[in-house]
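Fold and geometry: a report
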Amino acid sequence: MDTHTLLQLLGEGTVQTLIMTLVGTLVSYLIGLPVGVSLIVTGPNGIKPVGWYNKIMGFIVNVIRSMPFLILMIAFMPYIRKIIGTGIGTWATTAALILAAWPFVARMVEQSLLEVDPGVVEAAQAMGASNMQIIRKVLLLEARPSLLNGAAVATITILGYSAMAGTLGGGGLGDIAIRYGHYRFQPTIMWITILVLVVLVQIMQEIGVKLAAKMDNRLN
Amino acid sequence: MAEHIISLQGVTKEFDTKGGKVVALKDINLDIEKGDSYGIIGLSGAGKSTLVRTINLLEQPTEGKVLFDGNLLTGLGSKELNLSRRKISMIFQQFNLLMQRDALGNILFPLEIAGVPKAEAPEKAKELLKVVDLEDRAHSYPSQLSGGQKQRVAIARALASDPEVILCDEATSALDPKTTRSILGLLHKINEERGITLVVITHEMEVIKQLCNKVAVIENGEIVERGEVQEIFKKPKTKAARKLFFPDGDYREKPLTKTSTKNRVRLVFDEATAGEPIIANMIMELGAPVNFLYANLDVLGESQKGQMVLCLAADKETADKQKEYLKAKNVEFIEIDEDDEYGEEVKA
């Protein structure tokens, strides 16, 4: 393979991986953030304890989290194919990523919100803040640095999932590593894709940490 | 009849724990008048924090009623309760400021909650920073402020909603003595100048002495004694009150073993009796010495009170004469039982 083709291949793979990762993360947060908040709010020490909801939602989250991503993807493949028309490629993988990642995101969000000082929540309640105001103005804002750090971890995890999905014809860099690096015995391509993945992870980690530190007013 | 801004009627609070039911508050009846600076003092675990939290219903009482300004708070829906809570501010031992907002942002918080227009809120918040002497720290974050400064921000935040009452939950317990004095001074000023009622939860007698006109002593979830601070200081009736009002330090921590414990009395001198050297005269007139165990000058709000623990003559006859002498001179005193550090309960 000449350099031009290789670069084109890697370029396409990187773009696909980024799309899967970023769209996957975004949608996972659209689901996982409210679920994570709801787990905190309805928990035994929450501002509006709802035992049955908390138990059921906690159970669903745990069940999905305990399934390894590859197994989950294979198990859901038929349904994904039915819904979006295909079981392979970038969008099918993205759908599988979201299915696997939202419970993970929910737990990350829950962990971050647990760090918020209960005393501050109590102060807001004493001031006559509604539960919605407490969620928006206290929980999410006070936990912002931790949430951003969590988002970096979640993005990197989802990037890892997307690479794994490559083995099932999922597209992206993982797909290239398997098809060229593994099946066609081209270790150079294997190592180049690994390098690209490492660089992507580094960039995401840096952005996450820097942003979290910048947004944290406890540190300056 | 004086107006009761806060009224607790038969308030009982039980907690379900693994070890069974724990009764934190037992049938509390408490009326607080407008403009009072009402202290609630007790040792840790007595239930005072639970008590103050029932006033704004952060703790729902198991039984009983809570009234604010004549209106029933218990049983209100969350919307109405939130509206009432804006008139009952609260400050805390750990300040409980939003760490991600600067001083000004923290003071703006209750204004945002109450929906005060964005055009008016910052001006009001800045004014309040002036009231607490922190104009120059408007854009400092809590992590950049000292404990005393944080509590000042919390006080400004408490004032933002124009409250009728401020609940102070151990507000100075995390502060050093000097900062404590300045915070108590600020709270006193707010009580005096703005007429805001204070409910002051503390385990420290000094706080009551400096800040409160009335006090309730709470022990094991019950109010065992209450009244004007001046009166209770003179003649604490219950052991719980004596434990708190009696001199701190060695006298309380270690029972006296080196001196006689017979015929001990605790005297309180006020303005009327402080001018005359009564004890010296008594010794000379009766020709019998006394042993001084403790003496101190206390400041109660605006007034000063001398407190003294004496060991009178060992024989009963002379001791009785000495007591007669003190009574004749109008010195308030209570007798301290031989085997008791704090003296006998006075039957009310």
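Quantities reported herein were computed from a predicted structural model and do not represent experimental measurements.

**Some remarks on the overall build of chain B**
- Helix and strand counts for chain B stand at 13 helices and 14 strands.
- Referenced to the eigenvectors of the C-alpha coordinate spread, the extents of chain B come out at roughly 75 × 50 × 40 Å.
- Within the span of chain B, comprising 348 residues, buried residues form 52% of the whole.
- Accessible surface computed for chain B: about 16100 Å², of which carbon and sulfur atoms make up 48%.
- Charged side chains of chain B number 47 positive and 55 negative; the gap between the two group centres comes to 4 Å.

**Thoughts on the environment of leucine 113 of chain A**
All names here are of chain A.
- Within the fold, leucine 113 resides in helix α4 (residues 90–114).
- The exposure class of leucine 113 is buried, given its relative accessible area of 2%.
- With 76 residues separating them in the primary sequence, leucine 113 and valine 37 have C-alpha atoms 7.5 Å apart.
- Residue contacts for leucine 113: discarding those within four places in its chain leaves Val37, Ile40, Leu139, Leu140 and Ala143.

**Digging into the nonpolar core**
- Judged by nonpolar contacts, the single largest core of 57 residues is most densely connected at Leu139 of chain A together with Ile6, Leu8, Ile28, Leu30 and Val199 of chain B.
- Per-element tally for this core: the top contributor is helix α5 (residues 118–126) of chain A, with five residues.
- In contact with leucine 30 of chain B, other than residues within four places in its own chain, are Ile6, Ser7, Leu8, Tyr38, Ile40, Ala216, Ile223 and Arg226 of chain B.
- Listed in part, the 52 residues of the second largest apolar core include Leu97, Leu108, Leu134 and Phe233 of chain B.

**Some thoughts on the sheet that holds strand β13 (residues 303–311) of chain B**
Residue and element names in this part refer to chain B.
- The sheet built from four strands is open, its strands ordered β12-β13-β11-β14 with antiparallel pairing. The open sheet is flanked by β12 (291–300) and β14 (332–336), the only strands paired with a single partner. Going across the sheet, the axis of each strand differs from the next one's by a mean of 15°, ignoring polarity.
- Where β12 and β13 come together, nine bridges link them in antiparallel fashion. Residue pairing for β13: aspartate 298 is matched across the bridge by lysine 305.
- Contacts between helix α12 (residues 278–286) and the sheet are confined to β11 (264–269), β12 and β13, with β11 contributing the most and set at about 135° to the helix.
- Set on the sheet, helix α13 (residues 316–328) makes contact with β11 and β14; between it and β14 the angle comes to about 155°.

**Looking at the state of the cysteines**
Residue and element names in this part refer to chain B.
- Inspection of the entire model under this criterion finds zero disulfides over all chains.
- Looking at the unpaired cysteine 168, the closest cysteine sulfur is the one in cysteine 212, lying at 8.5 Å.
- Under the relative-accessibility criterion, cysteine 212 is labelled buried at 8%.

**Here's the deal with the pattern of salt bridges**
- All chains considered together, the criterion is met by 20 salt bridges over all chains.
- A salt bridge links arginine 107 of chain A to glutamate 110 of chain A; the nearest nitrogen and oxygen atoms lie 2.6 Å apart. Here the residue arginine 107 of chain A and the residue glutamate 110 of chain A both occupy positions in helix α4, the gap between them amounting to three residues, near one helical turn. For the pair shown, arginine 107 of chain A and glutamate 110 of chain A are each scored as buried.
- Notably, a salt bridge pairs arginine 53 of chain B with glutamate 122 of chain A, separated by 2.5 Å at the nearest N-O pair. Taken together, the residues span two chains, with arginine 53 of chain B in helix α1 (residues 48–55) and glutamate 122 of chain A in helix α5.
- Using a relative accessible area of 12% as the deciding quantity, one classes arginine 53 of chain B as buried.
- One continuous salt-bridge network, built from bridges that share partners, spans Glu122 of chain A together with Arg53 and Asp169 of chain B.

Here is what the cut-offs are and how they apply
Residues numbered from 1 in each chain as written. Chains lettered and ligands numbered in written order. Predicted model: local features only at pLDDT ≥ 70, side-chain atom pairs only at ≥ 80, totals over all residues. Heavy atoms only, no water. Helix = DSSP H or I, 4+ residues; strand = E, 2+ residues; numbered from the N terminus. Buried < 20%, exposed > 50% of the residue type's maximum accessible area, 1.4 Å probe, protein only. Areas by Shrake-Rupley, 256 points an atom, 1.4 Å probe, with all protein chains shown as cover. Lys, Arg positive; Asp, Glu negative; His and termini not counted. Charge placed at Lys NZ, Arg CZ, Asp CG, Glu CD. Contact = heavy atoms within 4.5 Å. Core = buried A, V, L, I, M, F, W, Y, C linked by side-chain atoms within 4.5 Å. Pairing = 2+ DSSP bridges. Axes fitted to C-alpha atoms, helices over the stretch in contact; angles between N-to-C directions. Disulfide = S-S within 2.5 Å. Salt bridge = Lys/Arg side-chain N within 4 Å of Asp/Glu carboxyl O.

Remember that the coordinates give geometry; whether it matters functionally is a separate question.
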